[in-house]
Amino acid sequence: MACPALPDLNAYATLFANFFGTVVLIWSVVRLRLNDSRLARYDAAGRWLFSAWMLNALFNGASPVLWGFLAIELTFAILQSLPVREHSAA
């Protein structure tokens, strides 16, 4: 089975990639600056949704390269969905 060729990036694809890259970078800074476990839950929900869209793309002919990104996304989605341990005051 041959890998499908990656499509050429036109101006719109580049624009949307830059839009989403900006959102990801801003969210990363917020997560680093505000140490709140509730934000991790939102992050986990986003990762589950990203994973669902990646699966949809893969089942509709996207490049198999996406499987590697999906594995990473699912790993972090699982880790961020685990229960949060409470620290006891000593």
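A brief look at the structure comes next. (Residues numbered from 1 in each chain as written. Predicted model: local features only at pLDDT ≥ 70, side-chain atom pairs only at ≥ 80, totals over all residues. Heavy atoms only, no water.)

## Considering the environment of Leu70
Here is step 1 of the chain: In this structure, Leu70 sits in helix α3 (residues 66–81).
Here is step 2 of the chain: For Leu70, a relative accessible area of 4% gives the class buried.
Here is step 3 of the chain: As for Leu70 and Phe50, which are separated by 20 residues in sequence, their C-alpha atoms are 8.5 Å apart.
Here is step 4 of the chain: Leave out the neighbours within four places in its chain, and Leu70 touches Ser51, Met54, Leu55 and Leu58. (Helix = DSSP H or I, 4+ residues; strand = E, 2+ residues; numbered from the N terminus. Buried < 20%, exposed > 50% of the residue type's maximum accessible area, 1.4 Å probe, protein only. Contact = heavy atoms within 4.5 Å.)

## Remarks on the packing of helix α1 (residues 11–33) against helix α2 (residues 37–59)
Two quantities define a packed helix pair, namely the angle between the axes and the distance from one axis to the other.
Here is step 1 of the chain: Relative orientation of the contacting elements α1 and α2 amounts to 150°, with a least axis distance of 9 Å. Judged by the angle between their axes, α1 and α2 are roughly antiparallel. Remark: the crossing between α1 and α2 carries left-handed chirality. Contact residues: Trp27, Val30 and Arg31 in α1; Leu39, Ala40, Tyr42 and Asp43 in α2.
Here is step 2 of the chain: In terms of residue class, the contact of α1 with α2 is made up of five nonpolar, no polar and two charged. (Axes fitted to C-alpha atoms, helices over the stretch in contact; angles between N-to-C directions. Parallel < 35°, antiparallel > 145°, perpendicular 65-115°, else oblique. Left-handed = near helix turned anticlockwise from the far one by under 90°. Nonpolar A, V, L, I, M, F, W, Y, C, P; charged D, E, K, R; others polar.)

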